[in-house]
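Results of the structural survey
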Amino acid sequence: MFRLCKLCYSTAAQSIKSVKIKDVFKKGAINETKVGRVQGWVQSVRNHKRFCFIDISDGSLQTLQVVLPGNLMNKEIQNGASVSAVGKFVETEFNVNKIEMVCENIEVTGPCNPDEYPFLKHTPHEMQHLRSYPHLRMRRHSIMRGLRLRNQLEMRFHQYFQKHDFTHIHTPVITSSDCEGAGELFNVHSPNKMDSKDPNSNFFDKPAYLTVSGQMHLEACAMALGNVYTLNPAFRAEHGISRKHLSEFRMLEVEVAFVEDINYIMDLIEESIKYSIEEIELPVLQTFEDAFKDIPPNHSTAVENAKSKQYDRIPYSEALTILQNNSKRLKTPSPIWGDFNTEQESFLVKHCGMKPLFLVDFPKESKPFYMYANDDEKTVSAIDLIFPFCGELCGGSLREHRLEILQSSLHKLGLVDDYHWYLDLRRFGTVPHGGYGLGFDRLVHFLLGTRNIRDAVPFPRSPHSCPL
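All values reported here derive from a predicted model rather than from experimental measurement.

Quick word on the overall build of the protein
- Each helix and strand counted, the protein has 13 helices and 15 strands in total.
- By residue count, 52% of the 468 residues in the protein fall in the buried class.
- Element-wise, carbon and sulfur atoms account for 52% of the exposed surface of the protein, whose accessible area totals about 23400 Å².

Quick look at the structure:
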């Protein structure tokens with residue numbers, strides 16, 4: 001045995017294979033790899049007289065406890081430092097993971113000053129504290145596990161749509177169209193080099209914005225490819241600060257050609273969500289070292305319902321009646337013909353047994369111009385999917401493919417010239433079609449049970465907050 005300071009390895013040690021911590025815990029793994037190298041970051045250090053325990057994380061969902069004999073103890077081995085450890089993997093009954101490493105050599109790859117490091121060992125931190133260090137907070141298991149979940153979820157969605165012959169499209173981030181018509185757009189400002197002295201000149205010779213949705217570009221692609229989808233960033237310049245909203249977020253958007261029944265769209269939404277979350281490795285939130293204090297007590301039931309129960313489907317008019325009949329149980333005013341607020345959506349979900357809920361056929365005046373007008377002339381064939389805790393997860397509709405009706409709607413809004421290209425999609429070989437947009441971050445937010453959606457994304461953007 002020998003002491004390593006900024007420790008040099010022997011030739012034999014350098015040849016030892018590196019292993020991921022997640023692989024160490026696979027059944028029979030230590031029988032195959034009795035000695036190995038683990039590289040990662042120190043999560044905690046527990047010193048004793050003759051030895052010390054350190055917990056190492058390499059991004060896997062588990063940490064590995066490493067036992068350091070006294071002759072390998074080193075002042076540079078601190079919480080936050082990066083290390084490379086070589087040793088034997090042994091079974092033990094004295095820690096939760098049942099396997100630990102007895103260290104033979106250890107190198108401090110990157111030291112970390114414990115007096116300056118913002119995260120204390122053995123100490124839970126409030127999520128707001130972690131948000132103050134967006135470049136470091138993913139070192140904490142509470143954030144790390146959320147990022148792992150995001151990765152799994154995105155891959156599962158891609159698997160589902162590829163399996164069902166959808167084509168993935170990269171829709172543009174910069175656009176000249178306001179899909180939602182809400183006016184909450186970020187302007188793209190850059191002087192035109194041809195006339196840089198004119199402050200009103202536009203780089204693209206017309207106003208351009210960060211996209212709020214890739215829907216209309218997907219519609220154009222659907223008119224050639226049939227079934228298409230994207231998972232792209234979208235932006236909303238909303239000034240209100242909410243636990244459920246972000247200024248930049250990810251949206252899964254889907255468009256389907258040759259569909260005339262809104263039930264097909266709802267079937268597609270429900271099936272793709274269930275497929276994507278059924279095998280997700282949900283973190284055990286109780287083991288997080290940070291302060292997820294407000295996880296709802298029935299969160300696990302709601303997640304299980306989203307995986308296995310049939311999502312209820314009720315007309316908007318029926319939902320309105322339910323709310324009006326229970327108006328005394330609501331803090332906000334009794335709803336009228338129009339969109340529902342957050343409290344009303346939450347009440348409807350609870351009324352239906354904490355299951356996801358589709359609301360169908362919304363008032364025409366509360367929805368954008370591109371939604372298919374029903375025969376009653378009062379409603380459109382639109383849907384919202386309401387999830388427990390996170391509210392509206394998904395919105396979609398049949399698209400108005402009838403040229404005359406769409407033209408009339410745009411004329412009333414004074415938008416015919418701006419959307420001439422959109423009308424061309426109806427002039428030249430239009431087909432009945434529909435689609436939807438799903439808030440990817442909100443689904444992660446729901447699965448994690450976080451109080452604030454900003455704790456479900458890697459680098460959150462919100463009003464007055466864009467730290468890096």
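Having seen it, we continue.
Observations regarding the pattern of salt bridges
- Summed over the entire model, instances satisfying the criterion amount to 19 salt bridges.
- When the shortest N-O distance is used, the salt bridge between Glu255 and Arg399 registers 2.5 Å. Here Glu255 is found in strand S10 (residues 248-257), whereas its partner Arg399 is found in strand S14 (residues 391-399), with 144 residues between them in sequence.
- Judged by relative accessible area, which is 1%, Glu255 ranks as buried.
- Arg399 gets classed as buried once you look at its relative accessible area, which sits at 3%.
- Residues joined by salt bridges that share partners form a network here, namely Asp267, Glu270, Lys274 and Arg313.

Focus on the environment of His464
- With respect to the helices, strands and loops of the structure, His464 is situated in the segment after helix H13 (440-448).
- His464 sits in the exposed class, given a relative accessible area of 80%.
- Separated by 225 residues in sequence, His464 and His239 have C-alpha atoms that sit 8.9 Å apart.

A word on a nonpolar patch on the surface
- Side chains of Val173, Ile174, Phe203 and Phe204 sit close together on the surface and give an oily, nonpolar patch of about 340 Å² of accessible area.
- Among the secondary structure elements, Val173 is positioned in the loop between strand S6 (167-168) and strand S7 (174-175).

Some remarks on the pairing of strand S1 (residues 35-47)
- Taken together, the seven bridges between S1 and strand S4 (residues 82-91) define a ladder with antiparallel strand orientation. When the bridges of S4 are listed, Gln39 appears paired with Ser84.
- With six bridges connecting them, S1 and strand S2 (residues 51-57) associate as antiparallel partners. Counterpart to Arg46 in the pairing with S2 is Phe53.
- Between S1 and S2, which pair antiparallel and follow one another directly, the connecting turn spans three residues.

Concerning the nonpolar core
- Grouped together as the largest cluster of nonpolar side chains are 44 residues, with contacts concentrated most on Phe161, Ile273, Phe387 and Leu443.
- Top element by residues in this core is helix H7 (residues 262-277). It accounts for eight residues.
- Residues within four places of Phe161 in sequence aside, it is in contact with Phe166, Tyr229, Leu252, Val254, Leu268, Ser272 and Tyr436.
- Formed by 30 residues, the second largest nonpolar core is a distinct cluster that contains Leu330, Phe362, Met371 and Tyr419.

Topic: helix H11 (residues 403-413)
- Turning to H11, its buried residues number three or more, namely Leu403, Leu406, Ser409 and Leu410. Seen from one end, H11 has its buried residues packed into an arc of 135 degrees, which puts them on one side. Exposed residues pointing more than 90 degrees away from the buried face of H11 are listed as Glu404, His411 and Lys412.
- Close packing links the buried residues of H11 with helix H12 (420-427).

A look at unusual backbone geometry
- Positive phi, normally seen in glycine, also occurs at Met354, with a value near 60 degrees.
- Looking at the element boundaries, Met354 is found in the loop between helix H10 (342-351) and strand S12 (357-363).
- A positive phi angle, close to 65 degrees, is found at Glu377, a residue other than glycine.
- In this fold, Glu377 is placed in the loop between S12 and strand S13 (379-387).

Considerations on the sheet that holds S4
- Strand order in the closed barrel formed by five strands is S1-S2-S3-S5-S4, and the pairing between neighbours is mixed. Between one strand axis and the next, the sheet turns by 55 degrees as a mean value, whatever way the strands run.
- With six bridges connecting them, S2 and strand S3 (residues 64-69) associate as antiparallel partners. For Asp55, the partnering residue across the bridge sits in S3 and is Gln65.

Points about the sheet that holds S14
- Within the open sheet, the eight strands sit side by side as S6-S9-S10-S15-S14-S13-S12-S11. Their pairing is mixed. The sheet is open, and its two borders are formed by S6 and strand S11 (312-315), each paired with just one other strand.
- Across the sheet, H13 is in contact with strand S9 (227-235), S10, S13, S14 and strand S15 (433-439); its angle to S15 comes to roughly 50 degrees.

Describing the confidence of the model for the protein
- Counting all residues, the mean pLDDT for the protein is 88, and 90% of those residues have values of 70 or more.
- Throughout residues 1-11 the model reports pLDDT below 50, and contacts reaching past four residues in sequence, or to other chains, amount to 27 contacts.

What counts and how
Residues numbered from 1 in each chain as written. Predicted model: local features only at pLDDT ≥ 70, side-chain atom pairs only at ≥ 80, totals over all residues. Heavy atoms only, no water. Helix = DSSP H or I, 4+ residues; strand = E, 2+ residues; numbered from the N terminus. Buried < 20%, exposed > 50% of the residue type's maximum accessible area, 1.4 Å probe, protein only. Areas by Shrake-Rupley, 256 points an atom, 1.4 Å probe, with all protein chains shown as cover. Salt bridge = Lys/Arg side-chain N within 4 Å of Asp/Glu carboxyl O. Patch = residues over 30% accessible without salt bridge, like charges linked within 9 Å, V, L, I, M, F, W, Y side chains within 5 Å. Pairing = 2+ DSSP bridges. Core = buried A, V, L, I, M, F, W, Y, C linked by side-chain atoms within 4.5 Å. Contact = heavy atoms within 4.5 Å. Arc of directions from axis to C-beta. Axes fitted to C-alpha atoms, helices over the stretch in contact; angles between N-to-C directions. pLDDT = per-residue confidence, 0-100.

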